[in-house]
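Observations on the three-dimensional arrangement
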Amino acid sequence: MDLLDSIFSQASVDILMKLGVIIIKIAIVIGITLLHVAYATYWERKVIGHMQVRLGPIEVGWHGFLQPIADGIKLFFKEDIIPANADKPLFYLAPVIFMVSALTSLSVLPFFDGFVIADINIGLLFLFAMSSLGAYGIILSGWASNSKYSFLGGLRSASQVISYEIAMGLSLVGVMMMAGSLNLSDIVRAQQQYPAGMFAVPQFLGFFVFIVAAFAETNRLPFDLPEAESELVAGYFTEYSGFRFALFFLGEYTAMLIMSSIAALCFLGGWTIPKFITDWFPVLLRLPAWSWVVIFLAKVYAFMFFYYWVRATLPRYRYDQLMAIGWKILIPLALFNIALTGLVKIWI
Amino acid sequence: MLPELFFGYYASAIVIFSLLVVTRSNPVHSVMWMLLLFFHIAGLYLFLNAEFIAAIQVIVYAGAILVLFLFVLLLLNLREELKVKKFVGSWPAGLFITAALLAIVLSAVKSFVPGPAGKYSVEFIKQETHTKALGKLLYTDYLFPFEIASLVLLVAIIGAIVLAKRKTGSK
């Protein structure tokens, strides 16, 4: 009887309520993100199609609107082929690590003021940690498949991700210095103190380095050498099929969405509208709280559009060029930006 | 009760994973257990309210150093560990040394005295945030050792580049 009483006491009911709220929040965030990811693929095919004077998907539903759902169903029911000489446990584990690391990053992103699953002090460092975990998914899938194309893709990805992680971390140091915090919500709030309302203006060097590093980190064109289809079939996921392939695909697009969110939060002012715009149109200050998420998403979509735009425009770099850009241009530029930010902070 | 359970889980998991790392015959599997081990060590740091150290543990050890381990292993393409008699044959000597070390550590445990409580209490860290508290200490009171450590690392980096650089245009 005592045990039951203690279980149903006020304190434990409170804890259960809190747990319930967190679980509901997680379900909402993951559900909405996966829907966004599905339609990010549709949007990418449409945007690139029109840029190359094609129509893109048009048959399934109105203007091909149900295409991502049809693709998802197709992938779900495809045969799951595992190479005979693959390292089975790691072959199974690799796509899971890749997907989990991408989804875990969502937990520290503030979508609007007050809506974040885990409001931790080291939010930005947590994102770095999760993105470095994602690299294991790629390397392991390359090794465990026991195929030379996968293996080369995995090796390329390993060295690429390690090199560009440094440039990416350094590019965000300027933001950390100006905000004085690693908490993503605090970084967004700190940007309202500056006249431009976003760090992209005073931190333009950091923003440039971040954009280039974000493309390389997510293995997107013009740095998609780990999955260069003209040289390596499909790179690290050549041997994957059916739903395991879908996990890699979803993970890559989730990673893109997270990079776009970091760009929106750290450089573009997150859910806030820059102060000089609200000074001109004071009506915007009276927007309801739910509309903040629309502002945040608009910034994320703009960055995603940039991803597609670059993919439709630029050819792929050579591998030595990729390494030279990372080590000889981006890292010195990011270090220079840190020194400059520090000097300006001392003088002003 | 909860803290003890938490610590007990992490401490025993770390010991078990360390054993798994050294006993796997496939080196890539060893590295994967080591990855799990590093995450548990980061968990222990979080348990001590050292969130910055926990994040750095994952970023530096799991994200950079272990990836380089994996990179070297992939290039060697070892499916099974080689057993060379020269390295494996002298295990009794190794066992004796580790047993002696264990005896020394165990005998030292008796004279353990917990350090005096300083300024950095849990409440202070929570209010100041761990990153800020650590940064302030590192760049004021411990600036000199910090600079020496960074200089030592710089020497190591330059040394590695000099060793690895291909000699071009030699006479």
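Overview of the overall build of chain B
What chain B contains, in helices and strands, is eight helices and zero strands. Walking chain B from its N terminus toward its C terminus, one meets helices and strands in the order α-α-α-α-α-α-α-α. Computed over the C-alpha atoms, the radius of gyration of chain B is 21 Å, more than 25% above the 16 Å expected from 2.2 N^0.38 for a compact globule of 171 residues. Judged by the C-alpha coordinates and their principal axes, chain B covers about 60 × 45 × 30 Å. Counting every position in chain B, which comprises 171 residues, the buried fraction comes to 13%. In chain B, the share of contacts with a sequence separation of at least 24, taken over all contacts with a separation of at least 6, comes to 55%.

A word on the overall build of chain A
When helices and strands are counted, chain A shows 13 helices and zero strands. When its helices and strands are written in sequence order, chain A yields α-α-α-α-α-α-α-α-α-α-α-α-α. Computed over the C-alpha atoms, the radius of gyration of chain A is 22 Å, within 12% of the 20 Å expected from 2.2 N^0.38 for a compact globule of 348 residues. For chain A, the C-alpha atoms occupy an extent of roughly 70 × 60 × 45 Å along the three principal directions. Relative to its 348 residues, chain A shows a buried fraction of 43%. Taking contacts inside chain A between residues at least 6 apart in sequence as the whole, the part at least 24 apart equals 79%.

As for the domain arrangement of chain A
All names here are of chain A. Domain parsing of chain A yields domain 1 (1-77) and domain 2 (82-347). Centre-to-centre, using C-alpha coordinates, domain 1 lies 20 Å away from domain 2. Contacts between domain 1 and domain 2 engage 18 residues on the former and 16 residues on the latter. Elements represented by at least two residues in the side of domain 1 that touches domain 2 include exactly α2 (10-51) and α3 (67-77). A class-by-class count of the residues in the side of domain 1 that touches domain 2 yields 12 nonpolar, four polar and two charged.

Brief notes about the environment of L48 of chain B
Residue and element names in this part refer to chain B. Note on placement: L48 falls in the loop between α2 (27-47) and α3 (51-76). On the neighbour-count criterion, L48 (13 C-beta atoms within 10 Å) is partly exposed. Taking the C-alpha atoms as reference, L48 lies 24 Å from I65; in sequence the two are 17 residues apart.

So, helix α7 (residues 184-191) of chain A
Among all positions of α7 of chain A, only L184, S185, I187, V188 and Q191 of chain A are buried. The buried side chains of α7 of chain A occupy one side of the element, clustering within an arc of 160° when seen end-on.

Observations concerning unusual backbone geometry
Of all residues except glycine, most have a negative phi; of all peptide bonds, most are trans. The phi angle at N146 of chain A is positive, at roughly 60°, despite the residue not being glycine. Summarising the element assignment, N146 of chain A is placed in the loop between α5 (123-144) and α6 (148-179).

Remarks on the environment of G43 of chain B
All names here are of chain B. When you line up the elements, G43 lands in helix α2. Classification of G43 as partly exposed rests on a count of 18 C-beta atoms within 10 Å. For the pair G43 and S90, spaced 47 residues apart in sequence, the C-alpha separation works out to 36 Å.

Side note on the nonpolar core
Of all hydrophobic cores here, the largest spans 110 residues; its most connected members are A213 and A263 of chain A. In terms of residue count, α5 of chain A provides more of this core than any other element does, 15 residues in total.

Quick look at helix α10 (residues 242-266) of chain A
With 25 residues, α10 of chain A should reach 36 Å at 1.5 Å per residue; the first-to-last C-alpha distance of 36 Å fits that figure. Of all the 25 residues making up α10 of chain A, 20 are buried; the element is thus mostly covered by neighbouring parts of the structure.

A look at the interface of chain A and chain B
Each partner contributes to the interface: chain A provides 18 residues, whereas chain B provides 16 residues. Contributing elements (two or more residues each) for the side of chain A that touches chain B: α5 and α6 of chain A. The element contributing the most residues to the side of chain A that touches chain B is α5 of chain A, with 10 residues. A breakdown of the residues in the side of chain A that touches chain B according to their chemical character gives 15 nonpolar, two polar and one charged.

Examining the packing of α6 of chain A against α3 of chain B
Helix-helix packing: each pair is described by the crossing angle between the helix axes and the interaxial distance. Packing of α6 of chain A against α3 of chain B brings their axes to within 11 Å, and their N-to-C directions diverge by 155°. Regarding the angle of α6 of chain A to α3 of chain B, the classification is roughly antiparallel. Of the two possible hands of crossing, α6 of chain A and α3 of chain B adopt the one that is left-handed. In this structure, α6 of chain A contributes L155, A158, I162 and E165 of chain A to the contact, and α3 of chain B contributes G63, A64, V67, F71 and L74 of chain B. Its residues placed into classes, the contact of α6 of chain A with α3 of chain B shows seven nonpolar, one polar and one charged.

How each quantity is defined
Residues numbered from 1 in each chain as written. Chains lettered and ligands numbered in written order. Predicted model: local features only at pLDDT ≥ 70, side-chain atom pairs only at ≥ 80, totals over all residues. Helix = DSSP H or I, 4+ residues; strand = E, 2+ residues; numbered from the N terminus. Rg over C-alpha atoms; globule rule 2.2 N^0.38 Å. Buried ≥ 20, exposed ≤ 12 C-beta atoms within 10 Å, placed from the backbone. Contact = placed C-beta atoms within 7 Å. Domains from an automatic or database assignment. Nonpolar A, V, L, I, M, F, W, Y, C, P; charged D, E, K, R; others polar. Arc of directions from axis to C-beta. Core = buried A, V, L, I, M, F, W, Y, C linked by C-beta atoms within 7 Å. Expected span 1.5 Å × (residues − 1). Axes fitted to C-alpha atoms, helices over the stretch in contact; angles between N-to-C directions. Parallel < 35°, antiparallel > 145°, perpendicular 65-115°, else oblique. Left-handed = near helix turned anticlockwise from the far one by under 90°.

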